[in-house]
Amino acid sequence: TFWNLTLAVGLLSLCSILLITYIVPMARERGVSMELSALLVSAYAGSSLVGKFLLGWLGDKLEKRSVFILIQFLAIAGWLPMLLWGDIIALMVSVVCVGLAVGGMTPIWSSLIAFYFGASAFGRVKGAMTLAMLVCTVVPGPLGGMIYSFYGSYATSFWLLGLALPIALLCTWMLPKQGVGAGT
C-alpha cells in the first residue's frame, strides 16, 4: 500500500512538474504566441486550485480510492490532447485537466494516508512518502532538458514521461479498498 500510493502520487507529480516546466517552450515550439503560451501556466494554476476544492469535496462524499482513480484518469485524459494534437486548444484542455488532477491529488493523498495508515501515523508516513518521491520531483526538469537536447523536441519528453501516468493508474487501482479506518 505504501509503495503503490507513493508511486501513484510520485508519478503524477513527475508528469505535472514536467508539464509546468516545459509547457511554454513546447507551445512556442509549436508556433503558439508567447502571450497564449504564458496563459497556459495561468490556466494550469487556476484549474489546480479548483481541483483542490472540487476533488477534495468529492473525496469527502465518495470512496477516496475511487476519487483517486478518477484523478488518474483525468490526468491521462489531459495528457492525450497535448500529445495527439498540440494546438493551443489541445494544450489548454491538457493543462486544465492535468491541473485539476494535480490539485485534487493533494487533499486525496492526505486523506488516503489517514485512511490506510491511521491519523497517528500520518506525519511519519507522509514524511517517508515525500522522501521516497524525491526522485520524482527532482528528475523531470533536468531529464526533460536532456531529452530536448538529444531529440530536439519537447514533445519527446512529454511522450516518454507520459508513460508514467498509466503506471500511476495501475498503482492506484492496486490500492486496497479497506484501510485502518474502514468507516472513513
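Attention here is on the structure that accompanies the text. These numbers were taken from a predicted model, which means no experiment stands behind them.

### Some thoughts on the overall build of the chain
- Each helix and strand counted, the chain has 9 helices and 0 strands in total.
- Along the chain direction, N to C, the helices and strands of the chain fall in the order α-α-α-α-α-α-α-α-α.
- What you see for the chain is a C-alpha radius of gyration of 16 Å, in line with the 16 Å of a compact globule of 184 residues.
- On the principal axes, the C-alpha backbone points of the chain span a range of 50 × 30 × 25 Å.
- Buried positions account for 49% of the 184 residues belonging to the chain.
- In the chain, once contacts between residues fewer than 6 apart in sequence are set aside, the share between residues at least 24 apart is 80%.
- Working note: accessible area of the chain is about 8600 Å², and carbon and sulfur atoms make up 73% of it.

### Regarding the packing of aromatic side chains
- Inspection of every chain in the model, using the stated rule, returns 6 aromatic pairs.
- Between the aromatic rings of F115 and Y116, the centroid separation amounts to 5.0 Å while the plane-to-plane angle is 70 degrees, which identifies the pairing as edge-to-face.
- Residue F115 is classed as buried on the basis of its relative accessible area, which comes to 7%.
- With centroids separated by 4.9 Å and ring planes inclined at 85 degrees, the aromatic side chains of F150 and Y151 adopt a geometry described as edge-to-face. Take F150 and Y151: they sit in the same class, and that class is exposed.
- Connected via pairs of aromatic rings, a cluster forms that spans Y22, Y148 and Y154.

### A few points about a nonpolar patch on the surface
- A cluster of nonpolar side chains, contributed by F73, L170, W173 and M174, occupies part of the molecular surface with about 460 Å² of accessible area.
- With respect to the helices, strands and loops of the structure, M174 is situated in the segment after α9 (164-173).
- M174 sits in the partly exposed class, given a relative accessible area of 47%.

The rules we used
Residues numbered from 1 in each chain as written. Predicted model: local features only at pLDDT ≥ 70, side-chain atom pairs only at ≥ 80, totals over all residues. Heavy atoms only, no water. Helix = DSSP H or I, 4+ residues; strand = E, 2+ residues; numbered from the N terminus. Rg over C-alpha atoms; globule rule 2.2 N^0.38 Å. Buried < 20%, exposed > 50% of the residue type's maximum accessible area, 1.4 Å probe, protein only. Contact = heavy atoms within 4.5 Å. Areas by Shrake-Rupley, 256 points an atom, 1.4 Å probe, with all protein chains shown as cover. Phe/Tyr/Trp six-rings, centres within 6.5 Å; stacked < 30°, edge-to-face > 60°. Patch = residues over 30% accessible without salt bridge, like charges linked within 9 Å, V, L, I, M, F, W, Y side chains within 5 Å. Salt bridge = Lys/Arg side-chain N within 4 Å of Asp/Glu carboxyl O.

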